[in-house]
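Results of the structural survey
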Amino acid sequence: MAERVYIDADVLILGGGTAGCMAAWEARRTGGEDLKIVIVEKAFIRHSGCLSAGMNALNMYINQGKPEDYVSYARYDMCGAPIREDIMLSVANEVNDTVKIMEESGLPMKKKEDGRYLNRGKWNIEINGSLLKPITAAKAIEARAEIYNRVYITDLIVKDDACIGAVGFGVRDGKFYICRGKVTMLCAGGAAGLWRPNNHGDAHHRIWYFPFNAGSSYAMCKRAGAEMTTFEVRFVPVRTKDTYSPTGTLSIGMGAPMVNSLGQAFMKEDPHYVQWGGHTAPTPIRAYGFQRETIAHRGPVFMDTTKGDPAKVTGIKGQYLDMSPSLVLYWGCNDIDPSKEPVEIDGGDPNIVGAHAGMAGAWTRGTSRETTVGRLYVSGDALGGAPSRFISGSWTCGRITGRSMAQALKANSYDYADLEPALVDALEERTFGPLNNYLGRAKEGLWTDGTLMSGISPKQMEDRMQKIMEEYCGGRTRWYFISEPYLNIARRHIKRMRNDQLQYLCARDLHDLQLAWDVINRLDVCQLVVEHISFRKETRFPGYVLRTDYPEADPDYDCFINSKWDPETDEVVCFKVPYEQIVPGDRRKETI
Amino acid sequence: MPPKADPTKCDGCQGESEPLCEQVCPGNLMTLDKETRKAYCREPGDCWDCMTCTKACPRQAIQTTLQYQIAYFPGKLIPLVGTNSVTWTSIDCHGRVERFVMKTLVSPDDEDED
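Keep in mind the model is a prediction, meaning the values are calculated, not measured. (Residues numbered from 1 in each chain as written. Chains lettered and ligands numbered in written order. Predicted model: local features only at pLDDT ≥ 70, side-chain atom pairs only at ≥ 80, totals over all residues. Heavy atoms only, no water.)

With that out of the way, let us pick up the domain arrangement of chain B. The domains assigned to chain B are domain 1 (1-50) and domain 2 (65-114). Using C-alpha coordinates to define each centre, domain 1 of chain B is positioned 21 Å away from domain 2 of chain B. (Domains from an automatic or database assignment.)

Have a look at this one:
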């Protein structure tokens, strides 16, 4: 038995990232001085997660118009698809306040001569955001949240349809952590690494999304019995080739359009794309444009930076140093001068996210951020149905979640639940399962290279999972094409891995145990993705999922696809949930 | 850019309970070699290139190079972290040097301007 650490909190926050830190801050403001707020973080809070490399812009800011106009934009950018307009509006109403709070906390904002924030495009503002994460973490520290670093949460504890806490292990100390929360917030990011990355070997993680977000938010919600939404909308990044750095910096900063190898600015010139909105078409359509041009042998596809002002190149490099420094060196070591030659772009491995141009996550009640499991709240990438919140929207969404939790604590007499010793023992056994499995199986023999004769490493299992998803669930090398016969194979293998093969999963140390849990969680997310894509028998987001058996959008699927996992049968049961339009107007157009 | 630590500079952050690079790595990748007492990246392919360790190293022992599969040799990108800014030196594969000073925090000087 491992040494045990018991933690009790009024507000238990799992994940010290963009949303979690600001939730702590707002929970303190709303809940008062006596509230006990705990953040459990799997890495080190000052430098963890998606923000670790920094960011050069905030992509949600109401520069013009009203919050409703932003909701209309987010809806348009998802091809007019159903989004949770109630949630989006709640975020848009407060996002500008949040940015002000962060500026006051030390975030350097770029400004115009009139003192207003320097905008980049309609909804974006430029920042010097290389220290975005330490600045964000400082808000949690300011709120006197008790922070536990290097603790990996493995499962939520649910009793009578309510979440009463969570368990996990110390990545460094190997202790078993048992946390009880009067309310619990899960905000542990989205899911990278379900499909094969383009680069291999020592560049295996040179991918767009933060590779250490392994879908634990989604997997734990799913296992806790929460209703999940929109796992069929996967985000396919089309970014600078090899480094997967953002292209907005080029398209807006250098006025660079996407061009094919014939020099055609196809999004603007080809009527096939113009009907979708041209060069400002929804994100899935711009991904589709890249794919279609390449498949039609008009690749490679570039961002044409050569028509822009060459004097701007130095500034562009500086912007990349604030969020994706490797690109600057990549140009330097590939003889690329963006003012003289166009910058090649490529499609990357798909990602499951809730707050970028995707909207997978847990379904929530009204604007409370409470899931269908009582006292379990979500935010950031873990929250479903509300795309295009990005960083500033996730900060804001975190604040709203923190406030909502503090209000729920005032309105209800929630108390700590008693944990049955047998349950805690069972959770401990499960948490350390792969580690103990290694010790057991090591006795059965090792090969001369030191690997187990009768066990599988987390890396091997990840490779197998990525191969299945790549080849049968529309990976990059399959041009994102999917159809039911392929999905049936993916379903069979993912099921087999989850139900039959996990018994062989072995972790030889605590770092390996983290990787083992990453793959367990990713496999749960794969199951959600396969079932959701299979259920949506249409193509609504062409660049994200191209269903060759149902290539057109079908009005019957103009709704959310939600699901619930049945632990008895291991089936993910999908069903339709109607969409409610709040902001009036044509859903396939922006209001401004 | 998997981090590489220079053995002549890395001292394993003696006196710290764990080296700073190990403390900050979001992927739990930096660790101390038990025999040499120097830091290294346990799985270079798992690094996301966030450069947090490179910036955090008090002895500037960690260096950034690109994976050879995606870029030519040699070339370096060196961040020098100051109080309110970071100075980047980029040396391309022909030895050409570029320097960039990027603001990282609002400084007292900025407040005076306001």
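Once that is clear, we can look at the pattern of salt bridges. Residue and element names in this part refer to chain A. Here the structure, examined in full by the defined rule, presents 57 salt bridges over all chains. The shortest N-O distance in the salt bridge between Lys 175 and Glu 3 comes to 3.6 Å. Highlighted residues: Lys 175 in the loop between strand S7 (162-170) and strand S8 (176-186) and Glu 3 in the segment before strand S1 (4-14), separated in sequence by 172 residues. Overall, the relative accessible area of 24% leaves Lys 175 in the partly exposed class. Classification of Glu 3 by relative accessible area gives exposed; the value is 52%. In this structure, the salt-bridge partner of Glu 126 is Lys 110, at a minimum N-O distance of 3.4 Å. (Salt bridge = Lys/Arg side-chain N within 4 Å of Asp/Glu carboxyl O. Helix = DSSP H or I, 4+ residues; strand = E, 2+ residues; numbered from the N terminus. Buried < 20%, exposed > 50% of the residue type's maximum accessible area, 1.4 Å probe, protein only.)

With that out of the way, let us pick up the packing of aromatic side chains. Residues and elements named next belong to chain A. Within this structure, the stated rule accounts for 20 aromatic pairs over all chains. Centre to centre, the rings of Phe 235 and Tyr 544 are 5.9 Å apart; their planes meet at 85°, and the pair counts as edge-to-face. On the criterion of sequence distance, the pair formed by Phe 235 in the loop between strand S9 (228-229) and strand S10 (238-240) and Tyr 544 in the loop between helix H17 (510-535) and strand S19 (546-547) is long-range, its members being 309 residues apart. An identical accessibility class is assigned to Phe 235 and Tyr 544; each is buried. Taken together through their ring pairs, the aromatic side chains of Tyr 152, Phe 169, Phe 176 and Phe 432 make up a single cluster. The residue whose ring lies beneath Arg 375 is Tyr 414, and the NZ or CZ to ring-centre distance is 4.7 Å. Taking the ring centre of Tyr 557 as reference, the NZ or CZ of Lys 576 above it sits at 4.4 Å. (Phe/Tyr/Trp six-rings, centres within 6.5 Å; stacked < 30°, edge-to-face > 60°. Lys NZ or Arg CZ within 6 Å of the ring centre and 35° of its normal.)

We now examine the sheet that holds S9(A). Residue and element names in this part refer to chain A. Read from one edge to the other, the open sheet built from four strands follows the order S14-S9-S20-S21, with strand pairing classed as antiparallel. Where the open sheet ends on each side, the last strands, each with one partner, are strand S14 (361-362) and strand S21 (571-577). In the sheet, S9 pairs with strand S20 (residues 560-566) via two bridges, with the strands oriented antiparallel. Bridge pairing links Met 228 to Ser 563 in S20. (Pairing = 2+ DSSP bridges.)

All names here are of chain A. Orientation of helix H15 (residues 458-472) relative to helix H16 (residues 484-501), taken along the N-to-C sense of each, is 165°, at an axis distance of 8 Å. As far as their axial angle goes, H16 and H15 are roughly antiparallel. Seen along the crossing, H15 lies across H16 with a hand that is left-handed. Side by side, H15 and H16 meet where Met 461, Arg 464, Met 465, Ile 468, Met 469, Glu 471 and Tyr 472 of the first sit next to Tyr 486, Leu 487, Ile 489, Ala 490, His 493, Ile 494, Met 497 and Gln 501 of the second. (Axes fitted to C-alpha atoms, helices over the stretch in contact; angles between N-to-C directions. Parallel < 35°, antiparallel > 145°, perpendicular 65-115°, else oblique. Left-handed = near helix turned anticlockwise from the far one by under 90°. Contact = heavy atoms within 4.5 Å.)

For the rest of this paragraph, the subject is the nonpolar core. Residues and elements named next belong to chain A. The biggest cluster of nonpolar side chains holds 171 residues, and the ones touching the most others in it are Tyr 70, Ile 352, Cys 473 and Val 529. Setting aside residues no more than four positions away along its own chain, Cys 473 makes contact with Trp 195, Arg 234, Ile 468, Ile 482, Leu 487, Ala 490, Val 529, Val 530 and Ile 533. Listed in part, the 21 residues of the second largest apolar core include Ala 27, Met 185, Ala 408 and Leu 409. (Core = buried A, V, L, I, M, F, W, Y, C linked by side-chain atoms within 4.5 Å.)

The next subject is the confidence of the model for chain B. For chain B, the mean per-residue pLDDT works out to 91, and 93% of the residues sit at or above 70. At the low end of the mean pLDDT range in chain B sits helix H3 (residues 108-113) of chain B, at 55; at the high end sits helix H1 (residues 20-24) of chain B, at 97. (pLDDT = per-residue confidence, 0-100.)

Our next topic: the interface of chain A and chain B. Facing 52 residues of chain A, the contacting portion of chain B comprises 48 residues. Taken together, the two surfaces of chain A and chain B that pack against each other cover about 4200 Å², and 58% of this comes from carbon and sulfur. At the boundary of chain A and chain B, one finds five salt bridges. Viewed at the interface, chain B and chain A are joined by 24 residue pairs in polar contact (both at pLDDT 80 or more). Residue classes in the side of chain A that touches chain B are distributed as 22 nonpolar, 20 polar and ten charged. (Buried area = accessible area lost by both parts, 1.4 Å probe. Polar contact = N/O pair within 3.5 Å; in protein donor to acceptor, adjacent residues only side chain to side chain. Nonpolar A, V, L, I, M, F, W, Y, C, P; charged D, E, K, R; others polar.)

It is worth spelling out the pairing of strand S6 (residues 85-91) of chain B at this point. Residues and elements named next belong to chain B. One ladder, built from six bridges, connects strand S5 (residues 76-81) with S6; its direction is antiparallel. Looking at the pairing, Lys 76 lines up with Ile 91 of S6. Bridge count for S6 against strand S7 (residues 97-103) is seven bridges, and the pairing is antiparallel. The residue of S7 that forms the bridge with Ser 90 is Glu 98. Joining the antiparallel neighbours S6 and S7 is a turn of five residues, in which Gly 95 adopts a positive phi near 90°.

Right, let's talk about the environment of B:Cys57 for a bit. With respect to the helices, strands and loops of the structure, B:Cys57 is situated in the loop between helix H2 (52-56) and strand S4 (62-64). Each C-alpha atom of the pair B:Cys57 and B:Glu35 lies 20 Å from the other, and the pair is 22 residues apart in sequence.

We now examine the packing of H15(A) against H17(A). All names here are of chain A. One can describe the packing of H15 onto H17 by two numbers: an axis separation of 9 Å at closest approach and a directional angle of 20°. Between H15 and H17, the crossing angle belongs to the class labelled roughly parallel. Note that H15 runs across H17; the crossing there is left-handed. Taken together, the residues of H17 that come into contact with H15 (itself represented by Pro 458, Met 461, Glu 462, Met 465 and Met 469) are Asp 512, Leu 515, Ala 516, Val 519, Arg 522, Leu 523, Cys 526, Val 529 and Val 530. Of the residues that constitute the contact of H15 with H17, the class distribution is eleven nonpolar, no polar and three charged.

Residue and element names in this part refer to chain A. Along its sequence, chain A is carved into domain 1 (238-347) and domain 2 (434-577). Look at where the C-alpha atoms of domain 1 and domain 2 centre, and you get two points 32 Å apart. Between domain 1 and domain 2, the residue contacts involve twelve residues of the former and nine residues of the latter. For the pair domain 1 and domain 2, the two sides together bury roughly 870 Å², of which 73% comes from carbon and sulfur. On the domain 1 side of the interface with domain 2, the three residues burying the most area are Pro 284, Gln 291 and Ile 295, jointly 51% of the side's total. Connecting domain 1 to domain 2 are one salt bridge. With a shortest N-O distance of 3.0 Å, Arg 476 and Asp 346 are connected by a salt bridge. Between domain 1 and domain 2 we count four residue pairs in polar contact (both at pLDDT 80 or more) in total. Sorting the residues of the side of domain 1 that touches domain 2 by element identifies helix H9 (283-295) and strand S13 (343-347) as the ones contributing at least two each. No other element matches H9, which puts nine residues into the side of domain 1 that touches domain 2.

So, on to unusual backbone geometry. Along the chain, A:Gly299 connects to A:Pro300 via a cis peptide bond; the corresponding omega equals -5°. Within the fold, A:Pro300 resides in the loop between H9 and strand S12 (301-303). The residue after B:Phe73, namely B:Pro74, is reached through a cis peptide bond having omega -10°. Within the element layout of this structure, B:Pro74 appears in the loop between S4 and S5. At A:Asp242, a residue that is not glycine, the phi angle is positive and equals roughly 75°. The residue A:Asp242 is located in the loop between S10 and helix H6 (248-253) in this model. Exposure remark for A:Asp242: the relative accessible area of 12% places this residue in the buried category. Residues other than glycine seldom take positive phi values, yet B:Asp49 does so here, at roughly 65°. Within the element layout of this structure, B:Asp49 appears in the loop between strand S3 (39-41) and H2. Judged by relative accessible area, which is 3%, B:Asp49 ranks as buried.

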